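Given next are the chains, with one letter for each unit.
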Amino acid sequence: QVQLLESGGGLAQAGGSLRLSCAASGGTNSTTVMAWFRQALGKDREFVAAIAWSTSNVRYARSVEGRFTITGDDAKQTSNLEMNSLKPEDTAVYYCAATPYYGRTYYYTGTYPYWGQGTPVTVSS
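Residues numbered from 1 in each chain as written. Predicted model: local features only at pLDDT ≥ 70, side-chain atom pairs only at ≥ 80, totals over all residues. Heavy atoms only, no water.

Undergrad: Before we move on, could you go through the environment of Ala12 and cite the residues and values that matter?
TA: Here Ala12 shows up in strand 2 (residues 10-13). Judged by relative accessible area, Ala12 falls into the buried class, the value being 9%. Sequence separation between Ala12 and Lys76 is 64 residues, and the spatial gap between their C-alpha atoms is 28 Å. (Helix = DSSP H or I, 4+ residues; strand = E, 2+ residues; numbered from the N terminus. Buried < 20%, exposed > 50% of the residue type's maximum accessible area, 1.4 Å probe, protein only.)

Undergrad: Which residues make up the nonpolar core, and what are the values?
TA: Ranked by size, the top nonpolar core spans 36 residues in total, and within it Leu4, Trp36, Leu81, Met83 and Tyr94 carry the most contacts. Among the secondary structure elements, those contributing two or more residues to this core are strand 3 (18-25), strand 4 (33-39), strand 5 (46-52), strand 7 (68-73), strand 8 (78-83), strand 9 (92-99) and strand 11 (119-124). Once residues lying within four places of it in the same chain are set aside, the contact partners of Leu81 are Leu18, Arg19, Leu20, Trp36, Val48, Ala49, Phe68, Thr69, Ile70 and Tyr94. (Core = buried A, V, L, I, M, F, W, Y, C linked by side-chain atoms within 4.5 Å. Contact = heavy atoms within 4.5 Å.)

Undergrad: Any chance you could break down the packing of aromatic side chains for me, citing the residues and the numbers?
TA: Scanning the model with the defined rule gives 7 aromatic pairs in all. The interplanar angle of 80 degrees and the centroid separation of 6.5 Å between the aromatic rings of Tyr95 and Trp115 together place this pair among those described as edge-to-face. One end of the pair, Tyr95, is in strand 9; the other, Trp115, is in strand 10 (residues 114-115), and 20 residues separate them in sequence. Using a relative accessible area of 25% as the deciding quantity, one classes Trp115 as partly exposed. A centroid spacing of 5.2 Å and a plane angle of 90 degrees characterise the contact between Tyr106 and Tyr107, whose relative ring orientation is edge-to-face. For Tyr106, a relative accessible area of 30% translates into the label partly exposed. Taken together, the ring pairs connect Phe37, Phe47, Tyr95, Tyr106, Tyr107, Tyr112 and Trp115 into an aromatic cluster. One residue, Arg45, lies across the ring of Tyr95, its end atom 3.7 Å from the ring centre. Residue placement shows Arg104 over the ring face of Tyr101; its charged tip is 4.2 Å from the ring centre. (Phe/Tyr/Trp six-rings, centres within 6.5 Å; stacked < 30°, edge-to-face > 60°. Lys NZ or Arg CZ within 6 Å of the ring centre and 35° of its normal.)

See below:
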């Protein structure tokens, strides 16, 4: 069973930056895609970014494209999310997710059986 542990996050001012990290343990090297989702208070969990190990392809939600960057290390099973030019609407709990499956819809929460506990990000105006 893969466990995911997020770190980073916290409080930032609008226009600032934060960095999130995620590390997988247990059943390592069994994930094919690592992703980040977020859930604001009272809203559904939404896709933020994903990275596929086999192709190194990355995908972003339109709301964060150009501001956020996802990187990862397949061998170490770690993923980082660099968040720049933060906006108050980026305030949410951010979750790391991973899947062992290939060819699934990367922005769909159901694709990912493994989830971290979440780390809060608050952006003040």
